[in-house]
Amino acid sequence: MTIQHVISAFLLGVVVAIPPGSVTVIACQRAIQYGFRNSMIFTLGSSLSDVLYLCLVYFGLAGFISNSGMKLALWTACGLLLVVIGVLTLASAGGNSPEEANGAAGLQSRPWVTFVSGIVVTLTNPMTIIGWIAIAGNFFILWDERVPATGWHAPVTITVIMLGVLAWFVPLVYAAGRLGRIISQSFQKKIAIIAGACLVVFGFISLWTAFAMR
């Protein structure tokens, strides 16, 4: 493994992490509402799913998620999940009664719920899968011709890619967490409402995509 390979793997992780999507919206919303620690728990759960898909792509096992039946299931599951999270986010922002808002906020702020949400949101997100197959797949093909395969080649490459992903997300959620401490409670609620609405829209887009695939 060469230094060029390590730098390329790191930059690949950064490039994949930069485009905003549902994971970015949820991570920033959690940082603003519940703090940096809660958002990092979500990000670590999301990263676990990323590692799984990277392993599938690296070992050439991504084909099993390329069939139409699996894609339909993923788009449907992703859509339903994003709608639910979006509604909970709207409820925690005070869209309903104070009791319901506090209940939704308490549920979302629990560490195990946060961690599992990170896993499931990323695991069911077809765009994440498509991104890793297209970008990481080509990366692995390119470097497999230059770097001899060894027993530690795969774990080191995947680890460096994920460090690139975290190099983007950690400062991002930290900045969002600091922003949450500065802005007023009412402005936090407005941001949460916007984030919740975006997630609901993302969810309906996923559900419409699943319906169109039938």
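Residues numbered from 1 in each chain as written. Predicted model: local features only at pLDDT ≥ 70, side-chain atom pairs only at ≥ 80, totals over all residues. Heavy atoms only, no water.

Draft legend 1. View of a nonpolar patch on the surface. Residues Ile3, Ile7, Phe10, Leu11 and Leu163 make up a contiguous nonpolar surface patch of roughly 460 Å² in combined accessible area. Within the element layout of this structure, Phe10 appears in helix H1 (residues 3-17). By relative accessible area, which is 32% here, Phe10 ends up partly exposed. (Patch = residues over 30% accessible without salt bridge, like charges linked within 9 Å, V, L, I, M, F, W, Y side chains within 5 Å. Areas by Shrake-Rupley, 256 points an atom, 1.4 Å probe, with all protein chains shown as cover. Salt bridge = Lys/Arg side-chain N within 4 Å of Asp/Glu carboxyl O. Helix = DSSP H or I, 4+ residues; strand = E, 2+ residues; numbered from the N terminus. Buried < 20%, exposed > 50% of the residue type's maximum accessible area, 1.4 Å probe, protein only.)

Draft legend 2. Molecular detail of helix H9 (residues 185-213). Under the 1.5 Å per step criterion, the end-to-end length of H9 is 42 Å for 29 residues, consistent within 8% with the ideal 42 Å. Every buried residue of H9 is accounted for by Gln188, Ala192, Ala195, Gly196, Leu199, Val200, Gly203, Ser206 and Ala210. (Expected span 1.5 Å × (residues − 1).)

Draft legend 3. Quick peek at helix H3 (residues 36-58). Taking 1.5 Å per residue, 23 residues should reach 33 Å; H3 reaches 32 Å between its end C-alpha atoms and fits that length. Looking one or two residues beyond H3, the residue adopting positive phi is Gly60, at roughly 70°.

Draft legend 4. Examining the side chain of Asp50 more closely. Topologically, Asp50 is positioned in helix H3. Buried Asp50, no salt bridge; nearest opposite-charge side chain is Arg30, N-O distance 15 Å. Setting aside its immediate chain neighbours within four residues, Asp50 contacts Thr122, Thr128, Trp132 and Met162. (Lys, Arg positive; Asp, Glu negative; His and termini not counted. Contact = heavy atoms within 4.5 Å.)

Draft legend 5. Spatial organisation of the nonpolar core. Ranked by internal contacts, the top residues of the largest apolar core, which has 37 residues, are Ile26, Leu54, Val121, Trp132, Ala136, Phe140 and Ile161. Counting residues per element, the ones that place at least two in this core are H1, helix H2 (22-34), H3, helix H4 (68-95), helix H7 (126-144) and helix H8 (153-182). Of all the elements, H8 adds the most residues to this core, at nine residues. Discounting chain neighbours no more than four positions away, the residues touching Val121 are Ser22, Val23, Ile26, Phe42, Leu81, Leu82 and Ile85. (Core = buried A, V, L, I, M, F, W, Y, C linked by side-chain atoms within 4.5 Å.)

Nothing here speaks to function; it is all geometry.
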